[in-house]
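# Results of the structural survey
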Amino acid sequence: MNALSRTLQFAAFFLLYLSFALSQQPVSVSWTPETLVNGSPCLFAIKARQATSITGNWQGHSLEFFKAKDKPDTWYALAGVDVGTKSGNYDLTVEMIQGDSSQTIHRTISVTPAPYKEIPLTVPEKYVKPDTTAQQKIAADQEIKNKAFAGSEDYPVWIGRFSPPLHSAPRTDSFGTRRLFNGSLASIHRGLDYRAKTGTPVMATNNGRVVLARSLYYEGNCVIIDHGLGLMTLYMHLSKFKVKEGQRVKRGQIIALSGGTGRATGTHLHLSVRWHGEYLDPARLFALSLPTLKDTPSSMLHP
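Per chain, the residues get numbers from 1 upward, laid out in the order the sequence is written. Two thresholds apply to this predicted model, a pLDDT of at least 70 for residue-level local features and 80 or more for giving and counting side-chain atom pairs, whereas whole-chain, interface and lining totals are computed over all residues. To obtain the side-chain values, all non-hydrogen atoms of the structure were included, while hydrogens and water were left out.

Within the secondary structure, Arg209 is located in strand E16 (residues 208–216). Think of a polar contact as two N or O atoms within 3.5 Å of one another; within protein, one of them needs to be a possible hydrogen donor and the other a possible acceptor, and neighboring residues in sequence only count if both atoms come from side chains. Here the side chain of Arg209 touches Glu153 through a polar contact of 3.1 Å, side chain to side chain. Residues are treated as being in contact if the distance between any of their heavy atoms lies within 4.5 Å. With near-sequence residues (within four places) excluded, Arg209 lies in contact with Gly151, Glu153, Ile224, Ile225, Asp226, Gly246, Gln247 and Arg248. Each helix corresponds to a stretch of at least 4 residues labelled H or I by DSSP, and each strand to a stretch of at least 2 residues labelled E; elements are numbered beginning at the N terminus.

So this is what it looks like as structure tokens:
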């Protein structure tokens, strides 16, 4: 065997060894924020160089992992913990495909309680004890919302960090408060309220597709934007629509004007974040640093 043959053979063995060594590297599983409370959005990160596909399950919901541009060896999934979730330990299950083999990974994650308050509110009695006609409207609205919620894209549509829907508008009612309507009806506030005069421009928090833009009994004029993989934002009590159902929008685009329609104690904007039926704290979503996606369909980049 001449020197060239030995060199080529050594190189082949080295590449084989390197491939084997990389495949044996431990898989890293992390999540942000590190401490989860009820209402937290959550970004799961799986560092697995040789993985070709990763899926998971979190609190009964399927997770679809995606890659980012700047970290090709890391997979991400955006998820959350519903505001009504009890504190305790919950299992994260991850299924990873590497070539012809698969691996199942389990992690136990603690969810701690958030300090939400209780506040009394006064609204017209018809919103506390709706009559038969109103109940029929409410039931019809629920069917409309269910159809909209079922229309989420099967890939991430958002790009980067989510932004507040108004410029410099202070929040009036914090997420998660227990609300007493007219002293008799209790509910959990599943969003953030912003002070806003009627006619204030309301912006999309991120890229997405409008799956609902119409008047509802409780929500008033309402816009729902799908951001993909079950993540949606809801904008309520609007005075005027600036978008139509089916329209694609960009982060910062004006989608409506604020108002006081529906069950509202005054003119304001109510913003909710919904992930597979779970309601998350919008303020925590705004604070979450999200990766730039590696593969975003070009059709979603432009309205």
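It is worth spelling out the sheet that holds strand E7 (residues 74–80) at this point. Through backbone hydrogen bonds, the strands of a sheet pair up, either in parallel or in antiparallel fashion. Read from one edge to the other, the open sheet built from four strands follows the order E1-E3-E7-E6, with strand pairing classed as antiparallel. The strands lining the two open edges of the sheet, one partner per strand, are strand E1 (28–32) and strand E6 (66–67). One bridge is not enough; two strands pair if DSSP finds at least two bridges between them. The sheet contact formed by E1 and strand E3 (residues 41–47) spans five bridges and is antiparallel. For Thr32, the partnering residue across the bridge sits in E3 and is Leu43.

This next bit is on the sheet that holds strand E5 (residues 61–64). If you trace the five strands from one edge of the open sheet to the other, you get E2-E9-E8-E4-E5, paired in mixed fashion. Every other strand in the sheet has two partners, leaving strand E2 (36–37) and E5 as the edge strands with one partner each. By the bridge criterion, eleven bridges tie strand E8 (residues 88–98) to strand E9 (residues 101–112) in an arrangement that is antiparallel. If you follow Gly88 over to E9, its bridge partner there is Val111.

Between Lys or Arg on one side and Asp or Glu on the other, a salt bridge is scored when a side-chain nitrogen of the former is within 4 Å of a carboxyl oxygen of the latter. Following the criterion strictly, the structure yields seven salt bridges and no others. Here Lys145 and Glu219 are joined by a salt bridge, their closest N and O atoms 2.6 Å apart. Of the two residues, Lys145 is situated in helix H2 (residues 132–149) and Glu219 in the loop between E16 and strand E17 (220–226); the sequence distance between them amounts to 74 residues. A salt bridge links Arg248 to Glu153, with the shortest nitrogen-to-oxygen separation between them at 3.9 Å. Separated by 95 residues along the polypeptide, Arg248 in strand E19 (residues 248–249) and Glu153 in the loop between H2 and strand E11 (171–173) bring together distant segments of the chain. Partly exposed residues are those whose accessible area sits between 20% and 50% of the maximum for their type, while under 20% is buried and over 50% is exposed, using a 1.4 Å probe and protein chains only. On the accessibility criterion, Arg248 (24% relative accessible area) is partly exposed. One salt-bridge network, held together by shared partners, links Glu153, Arg209 and Arg248.

Now for the nonpolar core. The definition of a nonpolar core used throughout is a set of buried Ala, Val, Leu, Ile, Met, Phe, Trp, Tyr and Cys residues joined through side-chain atoms within 4.5 Å. In this structure, Phe44, Trp58 and Ile255 are the most contacted members of the largest nonpolar core, which totals 73 residues. Element by element, the count of residues in this core is highest for strand E18 (residues 231–241), at six residues. Setting aside residues no more than four positions away along its own chain, Trp58 makes contact with Leu36, Phe44, Leu63, Ala79, Gly80, Val81, Tyr90, Asp91, Leu92, Ile109 and Trp275.

So, on to the confidence of the model for the protein. Atomic detail in the predicted coordinates should be set aside for any region of low pLDDT. Taken over all residues, the pLDDT of the protein has a mean of 85, while the share at 70 or more is 83%. The pLDDT value expresses, per residue, how confident the predictor is, ranging between 0 and 100. For the stretch residues 17–23, pLDDT sits under 50, and the model shows four contacts to residues farther than four places along the chain or on other chains. Confidence drops under pLDDT 50 across residues 298–303; counting only partners more than four residues distant or on other chains, this segment forms 14 contacts.

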